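Working through the structure, step by step
For reference, the chains in residue letters:
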Protein chains: 6
Amino acid sequence: MLSPNIETFLGCDADYTSADLVLFGAPFDSTTSYRPGARFGPSAMRHESFGLETYSPYQDADLTDYAIFDSGDLELCFGSSELALEAIQERAEVILSDGKLPLLMGGEHLVTLGAVRAALNHFPNLHIIHFDAHADLREDYLGVQLSHACVLHRCYDLMGDGRIHQFCIRSGDREEFQFADIHTDMHKFSFDGLEDVLQPLIAADTPVYFTIDLDCLDPSCFPGTGTPEAGGVDFPSLLHAIQQVSRTHVVAADINELAPMLDASGASTALACKVLRELMLALARNRSN
Amino acid sequence: MLSPNIETFLGCDADYTSADLVLFGAPFDSTTSYRPGARFGPSAMRHESFGLETYSPYQDADLTDYAIFDSGDLELCFGSSELALEAIQERAEVILSDGKLPLLMGGEHLVTLGAVRAALNHFPNLHIIHFDAHADLREDYLGVQLSHACVLHRCYDLMGDGRIHQFCIRSGDREEFQFADIHTDMHKFSFDGLEDVLQPLIAADTPVYFTIDLDCLDPSCFPGTGTPEAGGVDFPSLLHAIQQVSRTHVVAADINELAPMLDASGASTALACKVLRELMLALARNRSN
Amino acid sequence: MLSPNIETFLGCDADYTSADLVLFGAPFDSTTSYRPGARFGPSAMRHESFGLETYSPYQDADLTDYAIFDSGDLELCFGSSELALEAIQERAEVILSDGKLPLLMGGEHLVTLGAVRAALNHFPNLHIIHFDAHADLREDYLGVQLSHACVLHRCYDLMGDGRIHQFCIRSGDREEFQFADIHTDMHKFSFDGLEDVLQPLIAADTPVYFTIDLDCLDPSCFPGTGTPEAGGVDFPSLLHAIQQVSRTHVVAADINELAPMLDASGASTALACKVLRELMLALARNRSN
Amino acid sequence: MLSPNIETFLGCDADYTSADLVLFGAPFDSTTSYRPGARFGPSAMRHESFGLETYSPYQDADLTDYAIFDSGDLELCFGSSELALEAIQERAEVILSDGKLPLLMGGEHLVTLGAVRAALNHFPNLHIIHFDAHADLREDYLGVQLSHACVLHRCYDLMGDGRIHQFCIRSGDREEFQFADIHTDMHKFSFDGLEDVLQPLIAADTPVYFTIDLDCLDPSCFPGTGTPEAGGVDFPSLLHAIQQVSRTHVVAADINELAPMLDASGASTALACKVLRELMLALARNRSN
Amino acid sequence: MLSPNIETFLGCDADYTSADLVLFGAPFDSTTSYRPGARFGPSAMRHESFGLETYSPYQDADLTDYAIFDSGDLELCFGSSELALEAIQERAEVILSDGKLPLLMGGEHLVTLGAVRAALNHFPNLHIIHFDAHADLREDYLGVQLSHACVLHRCYDLMGDGRIHQFCIRSGDREEFQFADIHTDMHKFSFDGLEDVLQPLIAADTPVYFTIDLDCLDPSCFPGTGTPEAGGVDFPSLLHAIQQVSRTHVVAADINELAPMLDASGASTALACKVLRELMLALARNRSN
Amino acid sequence: MLSPNIETFLGCDADYTSADLVLFGAPFDSTTSYRPGARFGPSAMRHESFGLETYSPYQDADLTDYAIFDSGDLELCFGSSELALEAIQERAEVILSDGKLPLLMGGEHLVTLGAVRAALNHFPNLHIIHFDAHADLREDYLGVQLSHACVLHRCYDLMGDGRIHQFCIRSGDREEFQFADIHTDMHKFSFDGLEDVLQPLIAADTPVYFTIDLDCLDPSCFPGTGTPEAGGVDFPSLLHAIQQVSRTHVVAADINELAPMLDASGASTALACKVLRELMLALARNRSN
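Description of the structure in this document. Since the structure is predicted, the reported quantities are computational estimates derived from the model, not experimental observations.

Before going further, it helps to examine the overall build of chain A. Per the secondary structure count, chain A includes eight helices and 10 strands. Taken over C-alpha atoms, the radius of gyration comes to 17 Å for chain A, in line with the 19 Å a tight globule of 289 residues would show. If one aligns the C-alpha atoms of chain A with their principal axes, the spans along those axes are about 60 × 40 × 35 Å. A burial count over chain A gives 72% of its 289 residues as buried.

Okay, structure coming up:
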């Protein structure tokens, strides 16, 4: 008897019960102000992951060594950011309640807020490690507070000073950089200072939300994103930083802002798949230690 | 002394006071459920209009014979449909209050609701002539009522039975077609029946809102739209229908759903520009008679 | 508990046992001589089908009224046409043995041969109705007999004279047209003569294999195919012809040669989805009568 | 011993001496005012012609039945229209002097002027049959007289009233249409009136220069051109008109304004190849009668 | 009362009188020998600049701190390089005469010659700092002297030995490199030696024309240009070099050879906008010191 | 008298007899498992090479200084890998028998096997230097042994342990890396260790087959390939490595896996042309020493 067509991210076909990491997608980009298309990120990554291998020569590890489950995409409306965030939070809550690590594929960066809300419910002393080209610290954007351009400010509203650690930032208005000087731990342009940030978090076993806006990468290797910003980091640097952060107590994570239609060569989607593979391997290995 | 860079749609450089038709753009596509990009429609049409001539051999008329003003694009937020609709309504109100015809360039089809609200304030006995591939009659879409997929239902909520005349419709769920059987005047697939609809409107000098979703056209000539639907009308049929409708008392109009990035050949944008030229010529001539 | 990600063609989520029609994909284009890419057809159709509605205003019918099952794509190797054809034949055999209608999504046109072999095993007096721009009647192509350019010749080898009925043909070398004069029932350029062909088949309840090479359509509405041939039929003509053929005793069918990457506007994929919806509705309705 | 790589248009590999038709390309688009790219037309047609067959089911004729020679592209500078026109004229002169028919592949439409100059030297009573969306009758364009937008005016300067017959024209400024009313034989929008124009030319055996701007076609089937103009003719109409014109005494011809990069689907280039095949077959057959 | 649609480069909306820097565009690419499209550079940069912020974290400076005016694009003919150069020279003369710095957006590199002519009239002891992949030192190109491939040779004709300083050069024929050995100050591949060149210019307050062909960048970060040349510099290096050069007495500058249609991802246009922002900030700050 | 259109790679127009290097193309990608298109590599490189100069500032050498012949593309069938490999082997045999160096342009990487077979016939003690992102060491791929994913394993079958030297490898399944640990000389990620490998080969004058899969490059500079793998080497590193390898006794070489349609910017094709120019100059210079 024939089976229905199941489509998961490469190597993420454990059953839910045994899985330690749980993927889900949030195909949402309703507040994107410049060029939309991040809604297509999760399905593109899932579909194109089959151009990859499950084995990583970087970490000498294989997705088939770990139990990872892909729970598919949420069905999100367009036109109501609050409804979308609620659905994301709810899915993350389920996964966290079952003692698993939720791994969210965006979508635009606003989706992070839904998962951070859930993580804060479980881990009130949460810190955020944030890789991004953009500060995302505006108070509002054209009158709207639930916007991708404000998402870290919204997280700050929930968390307060000194718990958001930002890296690779190279774009924002002057007010955002002034806000960061006072309220967040911002590191411009690169990963300089990352190890110093991580040491106390590791020492204290502080719970960490890890959010990767892929536009932290240079557009030369990742043009497929809504707002490409020249001057970013390269792929090996990002891989290395992911392995560093994974040594902390990561309780939830996301990877966002791939807009696959904007890079017709497919190289951006292929890179995003590889980043996700490496992230899952690093997280899974650390949890199994 | 050098002047700043003014960019208007071709031949729309009258001053506002003398103008009889007033263009404005609503670069909004936040509720687009399938493929976004209609936000780029107004600026693409304005920019690419310079591949056209001001003269129409179809109507033997020239944009330079009429006073038309392009008031530019509204600056709309993404993430709040209601705020966007308010801004659209406000601009249309200003133009209507000055006794001019507002001509709105979308954006997704939801923008029509803002302009219809304004027109209803001035013309309570308004009818709508609606060209579209899609019925746009859903009660809600994934829980959201302010959605492109519901826009004619929202207009119906304000206007009631028998005042919405739909043509070229070839897509929708079964409930939408059942709704139309009772509440609207729907003509499927083509312009068949248009003249019969127009005669009483002309006879009674009924005020008409004229909304053109460009996806009424076949994707062969207009692939640059979010949801291309095979089986549409061709360009000469649309031109002819526009000239027919322009004989009624059109008080406001819009043209929407060009997503220029989806047709890299530029043919869709060029066609949209020509449709707008022909629409403006037909409306201007009728108002000057 | 969360479920894995199931991806089927729109409205094809019956369970296998109850289903009457069974979809499957053959992502193969290894012998394509000009521009490859038809391998991506089945997944693109499955993925993009969610831009469609399940309801057809053309047939006033809805996919949800029928039990249809999507069994996913075969995993085919590249580099061995014979192995690929065997896998296709095997899948079609299973479906036919269970008394269901196999509906194959190609891939290049060679995939038809696998399904025809299976259908001939069950229905030795099978006829083929073939819509295509190309005759596909070469004896071999650059020394290879299992080629998309030879596929109807290979079917002919199994079936003999007068049982292959070809429509819309407008390309081939002179020898192919001479072969057709003697051995097949070829109708050039259009569907002229279709009804005359169908009458005796309906009268005798002859089993029919129905193969639709989408390049029978004009490239204006379907540019997304390996070898676009100007001068094809339009979409309404194809819909009408599909409804005509569906009145015969169709025992298996396929739709092939969508190469989605070649039409970045997405209009070709959207059209292919609609053709498949209409084909499934017409076949399902006829079987339920 | 190995041979160098010869690349000709499909089926045009006669030797020069025996050939009756001689192809050459003029990869020039220096005066294109809107979107350039027609310079790539000749090489794209030559390269993509191998997706075609040499046999035409429309005319039941085969390129291999005739002696046609492809003499390659001229090496033209960019930045001097006069130098480019001289090179084109010179090549056409050589071919005409040898009693053969020069068949020029543009390039933008200005290239026609070079070949018309040569043809007028040999046939002072030449008429021009002109298929185009645009009148191309401007006196000058932004101060430049040697421009694609003026090319038929430049021909008129050499030939005078009543000898230029224009078809399918649907774009131009008002002055061009007024000029045409007096000085040329213009037929708007379609081929209506073509047979009436041809009869006296055939009767008098008048020498004819036949110039086909491919943008006479509707952009639905031919988006790959610098200035796509909705409302054009379809492919079967063009094929028919070409066969009609080929019954006159055609002494030189051209086909121009394919800009292949603007239609990434390749359908425009494939269509252009087929038009050229049909034009060559029709011309060759008529000359051999 | 509504205002017309003004479109300027981001943050360049001072009035002309108060402005110290004045932008203008020269949308010209008539002599481009390989792939045209640089004509679309200025409008693309102006349009896409709104994806940027006015604030630079690199220089901790903001466009809103300075008075910069965008005077729009020249309307240039295609087909006469001399007429185009005259228009460019005239605009630059006006700006220089008013004591302001003209900042030209190309277009192809030939446009530089028009602005250099104007600058030489005001500053006879001018030097040129030239960033480019190509030497642009040919005596003529296919018989044409006013060509992008010859533009620095034309400047040399006006200026003589030792006053042109070239960096990043990695393409040219052997004769150009031999010419450079004698007549210009060429630095191959990178910015090595830049500081040594600048010191005496700064010391003597020598007036400098600064011309940036964006193809000096590696195609990995800037593929959107007519002739991409592997092996270029990266974005941070270019930013640094721009800040270095801005310490000299720059009297006029240009940035050219963005061909936006060649990079559909938009990353090249976004980068060009950021380079222009950084260039304007560096020049404005230095002039205000 | 006019000549036919000869198209060769830039500067490769020696006659065969005098030539020392002989180019040929194998436009084959039938076993490509992910994204096909490498079949278009050789013609794209030949065509686009005219955007390059013959002179290299890197090596201060010029293609016109050496006798190189381009023998065009093989006409390969699709659907039979063995027939294709035979044709490749045969062409390489002819060239080797005449004492010349065959330089093969792929096509997918499987084509290498044909040329290696020929080279082994002439040089039984052959070693292979292999630059690639992928190990290509699978025993079979979905049941097929003649696959691009297995090509180095097929070479190994002919050559045995220790004679294949691999660089830049960063993708493969775990079994391939385990196989390499035992049977090949694999260097992951970069060219580290290259000089150490080359010294004994140079000392012993060992005959070398040099195969360059262009996807060894990072997708930032070379996205136009079927399976882009982030984390590759940059262009200057590749140029340097090519010059290093060329000091060995290279008896045959290839360059493969450019899929030009996947990078619409053209930067990948331009880079491939430059790599081929530099490879030819390095090989030619070494043979003439």
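Moving on from the model shown.
Let us look at the relation of the copies chain A and chain B. With an axial shift of 0.0 Å and an RMSD of 0.0 Å, the rotation relating chain A to chain B amounts to 180°. The transformation just described matches what one would write down for a two-fold rotation axis. Taking the C-alpha atom as reference, chain A places serine 30 of chain A closest to the rotation axis, 2.5 Å from it. When the interface residues of chain A are mapped onto chain B, 100% of them again lie at the interface, so the same face is used by both copies.

Residue and element names in this part refer to chain B. Counting buried positions along strand β7 (residues 164-169) yields six of six residues, so the element is predominantly enclosed. For the segment spanning strand β6 (residues 127-131), helix α4 (residues 151-159) and β7, crossover handedness is right-handed. Looking at chain direction, β7 and strand β8 (residues 185-188) are connected through four bridges and run parallel. Residue pairing in the sheet places phenylalanine 167 in a bridge with histidine 187 of β8.

The next subject is the packing of aromatic side chains. Given two aromatic rings, one states the distance between the centres and the angle between the planes to describe the pair. Residues and elements named next belong to chain E. Here the structure, examined in full by the defined rule, presents 54 aromatic pairs over all chains. Look at tyrosine 16 and phenylalanine 69: their rings are 5.6 Å apart centre to centre, the planes differ by 65°, and that puts the pair in the edge-to-face class. Here phenylalanine 69 lies in strand β4 (residues 68-73) and tyrosine 16 lies in the segment before β1 (21-26), a separation of 53 residues in the sequence. With relative accessibility at 4%, the residue tyrosine 16 sits in the buried group.

Our focus in this paragraph is the interface of chain A and chain F. Every contact between the two is made by 20 residues of chain A and, on the other side, 21 residues of chain F. In total, about 1700 Å² of surface goes out of reach between chain A and chain F, with carbon and sulfur atoms giving 53% of it. On the chain A side of the contact with chain F, Glu53, Tyr55 and Pro57 of chain A bury the most area, a combined 32% of that side's loss. Our count for the chain A to chain F interface comes out at three salt bridges. It is helix α8 (residues 267-288) of chain A that provides the largest number of residues to the side of chain A that touches chain F, a total of four residues.

Of the two same-sequence chains, chain A is brought onto chain F (RMSD 0.0 Å, axial shift 0.0 Å) by a rotation of 120°. Such a combination of turn and shift is consistent with a three-fold rotation axis. Using C-alpha coordinates, one finds that chain A approaches the rotation axis most closely at serine 220 of chain A, a distance of 2.8 Å.

Before going further, it helps to spend a moment on the interface of chain A and chain B. With 25 residues of chain A at the interface, the matching set in chain B holds 25 residues. Taken together, chain A and chain B are joined by five residue pairs in polar contact (both at pLDDT 80 or more). Its residues assigned to classes, the side of chain A that touches chain B comprises 12 nonpolar, nine polar and four charged.

Residues and elements named next belong to chain F. Within strand β9 (residues 207-213), seven of the seven residues are buried, leaving the element largely enclosed by the surrounding structure. The two faces of β9 match: Pro207, Tyr209, Thr211 and Asp213 on one face and Val208, Phe210 and Ile212 on the other face are all buried. Pairing between strand β6 (residues 127-131) and β9: five bridges, direction parallel. Bridging across to β9, histidine 127 finds its partner in valine 208. Pairing analysis gives seven bridges linking β9 to strand β10 (residues 249-256), with the strands arranged parallel. By the bridge assignment for β10, tyrosine 209 is matched with alanine 252. In this region the chain leaves β9, passes through helix α7 (residues 235-245) and returns to the parallel neighbour β10; the handedness of that crossover is right-handed.

Within the secondary structure, serine 33 of chain D is located in the loop between β1 (21-26) and α1 (41-48). Note: C-alpha distance between serine 33 of chain D and alanine 149 of chain D (116 residues apart in sequence) is 8.4 Å. In this view, serine 33 of chain D contacts Tyr141 and His148 of chain D together with Arg39 and Phe78 of chain E; residues no more than four positions away in its chain are not counted. There is a polar contact of 3.0 Å between the side chain of serine 33 of chain D and the side chain of histidine 148 of chain D.

As a further point, take helix α7 (residues 235-245) of chain B. Buried within α7 of chain B are the following residues: Phe235, Leu238, Leu239, Ala241, Ile242, Gln244 and Val245 of chain B. Packing partners of the buried residues in α7 of chain B comprise β6, α6 (194-203), β9 (207-213), β10 (249-256) and α8 (267-288) of chain B.

What links the strands of a sheet is backbone hydrogen bonding, and the strands pair in either a parallel or an antiparallel sense. Residue and element names in this part refer to chain F. Strand order in the open sheet formed by eight strands is β4-β1-β5-β10-β9-β6-β7-β8, and the pairing between neighbours is parallel. Only two strands of the sheet have a single partner each, and these edge strands are β4 (68-73) and β8 (185-188). Between one strand axis and the next, the sheet turns through 15° on average, direction left out of account. Those strands touched by helix α3 (residues 111-122) are β1 (21-26), β5 (101-106), β6, β9 and β10, and its axis lies near 175° from that of β9. Along the sheet, helix α4 (residues 151-159) makes contact with β6 and β7 (164-169), crossing β6 at roughly 165°.

Of the residues making up helix α5 (residues 174-183) of chain B, those classed as buried are Glu176, Phe177, Phe179, Ala180 and His183 of chain B. Buried positions in α5 of chain B, seen along its axis, are confined to an arc of 155° and lie on one side of it. Facing away from the buried surface of α5 of chain B by more than 90 degrees, the exposed residues are Glu175, Asp181 and Ile182 of chain B. As for α5 of chain B, its buried residues are in contact with α4, β7 and β8 of chain B together with β2 (55-56) of chain C.

Here we take up the arrangement of the chains. Nowhere do chain A and chain D come into contact; their C-alpha atoms are at least 12 Å apart. Chain B shows no contact with chain F. Their nearest C-alpha atoms sit 12 Å apart.

Moving on: the sheet that holds strand β5 (residues 101-106) of chain E. Residues and elements named next belong to chain E. What the eight strands build is an open sheet, ordered β4-β1-β5-β10-β9-β6-β7-β8; its pairing is parallel. Strand pairing shows two members of the sheet lacking a second neighbour, β4 and β8 (185-188), which therefore form its edges. Across the sheet, the mean angle separating the axes of adjacent strands is 15° when strand polarity is ignored. Note: β1 against β5, six bridges, orientation parallel. Looking at the pairing, alanine 26 lines up with glycine 106 of β5. Helix α3 (residues 111-122) rests against β1, β5, β6 (127-131), β9 (207-213) and β10 (249-256) of the sheet, and its axis sits at about 175° to β9.

Cut-offs applied
Residues numbered from 1 in each chain as written. Chains lettered and ligands numbered in written order. Predicted model: local features only at pLDDT ≥ 70, side-chain atom pairs only at ≥ 80, totals over all residues. Heavy atoms only, no water. Helix = DSSP H or I, 4+ residues; strand = E, 2+ residues; numbered from the N terminus. Rg over C-alpha atoms; globule rule 2.2 N^0.38 Å. Buried < 20%, exposed > 50% of the residue type's maximum accessible area, 1.4 Å probe, protein only. Least-squares fit on C-alpha atoms with pLDDT ≥ 70 in both. Contact = heavy atoms within 4.5 Å. Right-handed = clockwise from strand over helix to strand, strands pointing away. Pairing = 2+ DSSP bridges. Phe/Tyr/Trp six-rings, centres within 6.5 Å; stacked < 30°, edge-to-face > 60°. Buried area = accessible area lost by both parts, 1.4 Å probe. Salt bridge = Lys/Arg side-chain N within 4 Å of Asp/Glu carboxyl O. Polar contact = N/O pair within 3.5 Å; in protein donor to acceptor, adjacent residues only side chain to side chain. Nonpolar A, V, L, I, M, F, W, Y, C, P; charged D, E, K, R; others polar. Axes fitted to C-alpha atoms, helices over the stretch in contact; angles between N-to-C directions. Arc of directions from axis to C-beta.

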